[in-house]
Amino acid sequence: MTTAPPNRSLLTRFLDSVERTGNALPDPVTLFALMIVFVVIASVIASAAGVAVPHPGTGDVVAAQNLLAPEQLQRLFVEMPTTFTSFAPLGYVLLVMLGVGVAEKTGFLTVALRSLVAGVRPRLITAALVFAGVMSSLAADAGYVVLIPLGAAIFMGAGRHPVAGLAAGFAGVAGGFSANLILTPLDPLLAGITQEAARLVAADYVVDVTANYYLMLALVPVFVIVGTWVTDKIVEPRLPKWTPTHTKLDVPDADISAVERRGIQAAVASLLAIIAAVAALAWAPGFPLRGDDGSFLPLMRSLVTIMFLTFLIAGITYGITTRVIRSDKDVVKMMAEAMSDLGVYIVLAFIAAHFIAMFNWSNLGVISAVVGADALRSIGFDGSPLLVSLIMLAATINILVGSASAKWAFLAPIFVPMLMLLGLSPEATQAAYRIGDSSTNMITPLLPYFPLILIVGKRYDPNFGIGTLVATMLPFAVAFGIASTTLFVGWMAFGLPLGPGVSGTY
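Reading guide: rules and limits
- Residues numbered from 1 in each chain as written.
- Predicted model: local features only at pLDDT ≥ 70, side-chain atom pairs only at ≥ 80, totals over all residues.
- Heavy atoms only, no water.
- Helix = DSSP H or I, 4+ residues; strand = E, 2+ residues; numbered from the N terminus.
- Buried < 20%, exposed > 50% of the residue type's maximum accessible area, 1.4 Å probe, protein only.
- Contact = heavy atoms within 4.5 Å.
- Areas by Shrake-Rupley, 256 points an atom, 1.4 Å probe, with all protein chains shown as cover.
- Polar contact = N/O pair within 3.5 Å; in protein donor to acceptor, adjacent residues only side chain to side chain.
- Salt bridge = Lys/Arg side-chain N within 4 Å of Asp/Glu carboxyl O.
- Phe/Tyr/Trp six-rings, centres within 6.5 Å; stacked < 30°, edge-to-face > 60°.
- Expected span 1.5 Å × (residues − 1).
- Axes fitted to C-alpha atoms, helices over the stretch in contact; angles between N-to-C directions.
- Parallel < 35°, antiparallel > 145°, perpendicular 65-115°, else oblique.
- Left-handed = near helix turned anticlockwise from the far one by under 90°.
- Nonpolar A, V, L, I, M, F, W, Y, C, P; charged D, E, K, R; others polar.
- 1 Å grid on protein atoms, 1.4 Å probe; cavity = no way out; pocket = protein on both sides within 12 Å on 5 of 7 lines; lining within 4 Å.
- Points joined across faces, edges and corners; volume = space filled by probe spheres on them.

A few words now on the overall build of the protein. Regarding its fold elements, the protein presents 21 helices and two strands. The buried share of the protein, taken over its 506 residues, is 51%. In the protein, the proportion of contacts linking residues at least 24 apart, taken out of those at least 6 apart, comes to 80%. Just so you have it, the protein exposes about 22500 Å², and 67% of that area is on carbon and sulfur atoms.

Rendered as structure tokens:
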């Protein structure tokens, strides 16, 4: 038996054991298939036992559904194609990667990353990556598709382990999902649900989209500092020294040739043109990327498409300038090669889409969440202890139900009215939920983008599995959860406004 080196801390040995245990699990495709079998068995048992709960919002009975019932089997067979094609991450990944593929195959991304690494101090790379991840929630889920692979490539270009870069980007994107310097599409979505729940107590209560803006703004530097510290002090020291083992992963020469420099300049010019075009389309109310009411929601919802066009146009411009692209056939070939690289992910997306769909059809996720919420309410906590309990509940349920809006839709009607009667504002309850919901995003295999991140990790480590990813991200989840909860409790204790004109008390 080999003993661990004396310089390996207790935490490192614990994470090693988590990694070994997780990697002993079957291939992710097989694991999702086994989880489908488990959900089917659980649905049969729960349905036979008559398990049901009242929906806290509508009062309707939510009963466990037997997935082997004729109507459910019929649904599975009839809807299988649409279940797969309507899997939201699949469309995002395929669309963005069509553009990224051209930018990558022409060499634009490689040269751009070399330029970036050359111009940024090594100590700032981690912080910049985490910050970019936090801000990526402006583009909905596009950060998962673009930033995490780029984070790994940036670290590799700097001579650091790419898995550490993957982890830093993932922590920012997933753990910092609810924080931002700017309002995101999630803000109006949650505010609408909170408002409806609040009106169960106060019929005319209004929850603005800026309900949690000040708190979410303050969380940005907290996540950047904590994410940087965890990456540099815990995650990266645990990884072996990075040595490229595959020719296509070799780091190119740091020097940039004259041709490459001209290509970068042309690509930057095209990026400026794209920015100008987007600004023109969103210049005033009623414009294509601006709502009639003046909101920027159409722009926010178009960011994935904009990213696709940005990478595609910049890649083509760079390729033509450097003569890597000589005809339209070269562009089509590059896009086709990018799709072929996603073969494994498409298989994973198929099985993951059906697991998530069948879990929803069974109603087991809703039932688990409602039962857990009722149990928490029965404890009798009030004030900050109850808010902290709600944070912990949301973090736990997040492992079972991935959608932030779906969880809040059945938690809000329970907790918002209850906490209003205890003197806490709906905005404070919503803030507590958002903190708990985002903290465990990076360690739940039910995250729709989990398979994609596994594939990215395998590019650099053939043994990279679920255990590796969970063990790598667990320190981030714990640190982000503790830091954000502490800030929130302090925020409430000092009576600071959660948003413009919004108090934590009701």
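Glancing now at the side chain of Ser484. Turning to its location among the elements, Ser484 is positioned in helix 21 (residues 466-493). Among the polar contacts made by the side chain of Ser484, one reaches the main-chain carbonyl oxygen of Phe480 at a distance of 2.7 Å. If we skip the residues at most four places from it in the chain, Ser484 touches Leu219, Phe223 and Ile435.

Attention shifts here to the pattern of salt bridges. Proximity of charged atoms lets side chains of opposite charge pair with each other. In the structure shown here, the tally under the stated rule is four salt bridges. Arg75 is paired through a salt bridge with Glu79; the nearest N and O atoms lie 3.5 Å apart. Of the two residues, Arg75 and Glu79 are both situated in helix 3 (residues 70-85); the distance of four residues between them amounts to about one turn of the helix. On the basis of relative accessible area, Arg75 is assigned to the partly exposed category, the value being 31%. Put simply, Arg434 and Asp187 hold a salt bridge, and the shortest N to O gap is 2.9 Å.

Quick look at the packing of aromatic side chains now. If you walk through the whole model with that rule in mind, you get six aromatic pairs. Ring centres of Tyr213 and Tyr214 lie 6.2 Å apart, and the angle between their planes is 50°; this geometry places the pair in the tilted category. Its relative accessible area of 22% is what places Tyr213 among the partly exposed residues. Joined through ring pairs, the aromatic side chains of Phe223, Phe476 and Phe480 make up one cluster.

Before going further, it helps to spend a moment on helix 21. Its 28 residues give helix 21 an end-to-end C-alpha distance of 39 Å, which sits within 8% of 40 Å, the value for a rise of 1.5 Å per residue. In the stretch just after helix 21, Gly495 is the one whose phi turns positive, near 70°.

Here we take up unusual backbone geometry. At Arg323, a residue that is not glycine, the phi angle is positive and equals roughly 65°. Considering the arrangement of structural elements, one finds Arg323 in the loop between helix 13 (303-321) and helix 14 (328-340). Positive phi, normally seen in glycine, also occurs at Asn363, with a value near 70°. Looking at the element boundaries, Asn363 is found in the loop between helix 15 (343-362) and helix 16 (364-379).

The next point concerns the packing of helix 3 against helix 15. Viewed as axis vectors pointing N to C, helix 3 and helix 15 meet at an angle of 140°, and their least axial separation amounts to 10 Å. Regarding the angle of helix 3 to helix 15, the classification is oblique. Note that helix 3 runs across helix 15; the crossing there is right-handed. Only Ile346, Ala349, Phe350, Ala353, His354, Ala357, Met358 and Trp361 of helix 15 make contact with helix 3, whose side of the interface consists of Gln72, Arg75, Leu76, Glu79, Met80, Thr83 and Phe84. Among the residues making up the contact of helix 3 with helix 15, the classes are represented as ten nonpolar, three polar and two charged.

With their axes 6 Å apart at the nearest point, helix 6 (residues 122-135) and helix 8 (residues 162-175) run at an angle of 35° to one another. The interaxial crossing formed by helix 6 with helix 8 has right-handed handedness. Between helix 6 and helix 8, the contacting residues are Thr126, Leu129, Val130, Gly133 and Val134 on the first element and Gly165, Ala168, Gly169, Gly172 and Val173 on the second. Across the contact of helix 6 with helix 8, the residue classes tally to five nonpolar, five polar and no charged.

Within the structure shown, the criterion is met by two cavities of 30 Å³ or more. Quantified by volume, the largest cavity comes out at close to 50 Å³. Forming the boundary of the largest cavity are Ser178, Ala179, Asn180, Ile182, Leu183, Thr184, Asp187, Asn212, Tyr213, Met216 and Arg434. Residues belonging to the lining of the largest cavity are distributed by class as follows: five nonpolar, four polar and two charged. As a volume, the second largest cavity reaches approximately 30 Å³. The wall of the second largest cavity is formed by Gly175, Ser178, Ala179, Met216, Leu219, Phe223, Arg434, Ile435 and Ser438. Going through the elements one at a time, helix 10 (213-238) and helix 19 (426-439) are the ones with two or more residues in the lining of the second largest cavity.

In short, geometric facts, not functional conclusions.
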